[in-house]
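# Topology and contacts: notes
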Amino acid sequence: MTKRIIPNNKQCTVCEKIKPMLDFHINTADHSGRASACAECTNSKRRTVSGLVKTIYSSQKSLSKSRGHNPPEYSESELLDWIVTEDSFRTLYLAWVGSGYKTRLKPSIDRIKDDYGYVFGNIQLVTWEDNDRKGHKSNCGRKTKRVMQLYKNGDIIKIHSSADDAGIAVNAVATSIRRACKGLQYTCRGYSWKYI
Ligand SMILES: [Zn+2]
């Protein structure tokens, strides 16, 4: 049996710099196990207005699906047109940039009425922190499940009282932790997660 050689470095397809493997986000779809663009290039792209809208739009599509709602009624480019004409967008976006891209200040889109999906008239711009807090509030009546944080080899690190608390501890979105607990994604912040 031949031993698979894992290279220590990789060339970024965007900036073309050769960087250590650890400078690339994990991407199990790629044969190298890492993304083709380095983390720095990926992050700077996600931080542009169009990159931000792309991230928001793809999360709206998957959230609508998991909530059993219709997909967003608008396209990604219509959402971009909407966002840039919102009065508060410039202020929110510049505050996020000025903070050095703190997750809690990231512009986010909130549904005004929870029973309705992503349609114009039912969406408003807020910061990620406001949106997360609101989600937390509406979940208050529900019994929260404890979550277990593990290394990828299965060793237990810690038990958190809820996905929200775990999210705060590792600086991740609680939704992403819930997805990892449900097996919809392998890891979140490089850890494995389980409901207990
Ligand atoms: Zn790069």
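A word on the overall build of the protein. Scanning the protein from N- to C-terminus turns up seven helices and seven strands. The helix and strand sequence of the protein, counted from the amino end, reads β-β-α-α-α-α-β-β-α-β-β-α-α-β. Summarising its shape, the C-alpha atoms of the protein cover approximately 60 × 40 × 30 Å along the three principal directions. Expressed as a percentage of its 196 residues, the buried residues of the protein come to 20%.

What the three strands build is an open sheet, ordered S6-S5-S7; its pairing is antiparallel. The open sheet is flanked by strand S6 (156-160) and strand S7 (192-195), the only strands paired with a single partner. Neighbour-to-neighbour, the strand axes of this sheet turn through a mean angle of 20°, independent of strand direction. The sheet contact formed by strand S5 (residues 147-150) and S6 spans four bridges and is antiparallel. Residue pairing for S6: Val147 is matched across the bridge by His160. Packing against the sheet, helix H7 (residues 174-181) makes contact with S5 and S7, and its axis sits at approximately 80° to S7.

Take the domain arrangement of the protein next. What the domain assignment lists for the protein is domain 1 (9-44), domain 2 (47-138) and domain 3 (147-195). Distance from the C-alpha centre of domain 2 to the C-alpha centre of domain 3: 23 Å.

Even without a glycine there, the phi angle at Tyr101 is positive, about 65°. Phi at Arg189 takes a positive value of approximately 55°, unusual for a residue other than glycine. With 16 C-beta atoms counted inside 10 Å, the residue Arg189 sits in the partly exposed group.

Okay, the packing of helix H6 (residues 163-170) against H7 next. Packing of H6 against H7 leaves a shortest axis separation of 8 Å and a crossing angle of 115°. The orientation of H6 with respect to H7, classified from their angle, is roughly perpendicular. Considering only the axes of H6 and H7, their crossing is right-handed. On H7, the residues touching Ala163, Asp164, Ala166 and Gly167 of H6 are Ala174, Ile177, Arg178 and Cys181. Tallied by class, the residues present in the contact of H6 with H7 amount to five nonpolar, one polar and two charged.

What follows deals with the packing of helix H2 (residues 49-67) against helix H3 (residues 76-85). Where H2 meets H3, the closest approach of the two axes is 10 Å, and the angle between their N-to-C directions is 120°. Taken together, the axis directions place H2 and H3 in an arrangement best described as oblique. Regarding H2 and H3, the two cross each other, and that crossing is right-handed. Together, Val49, Ser50, Val53, Lys54 and Tyr57 of H2 and Glu76, Leu79, Leu80, Ile83 and Val84 of H3 make up the contact between the two elements.

So, how was this worked out
- Residues numbered from 1 in each chain as written.
- Predicted model: local features only at pLDDT ≥ 70, side-chain atom pairs only at ≥ 80, totals over all residues.
- Helix = DSSP H or I, 4+ residues; strand = E, 2+ residues; numbered from the N terminus.
- Buried ≥ 20, exposed ≤ 12 C-beta atoms within 10 Å, placed from the backbone.
- Pairing = 2+ DSSP bridges.
- Axes fitted to C-alpha atoms, helices over the stretch in contact; angles between N-to-C directions.
- Contact = placed C-beta atoms within 7 Å.
- Domains from an automatic or database assignment.
- Parallel < 35°, antiparallel > 145°, perpendicular 65-115°, else oblique.
- Left-handed = near helix turned anticlockwise from the far one by under 90°.
- Nonpolar A, V, L, I, M, F, W, Y, C, P; charged D, E, K, R; others polar.

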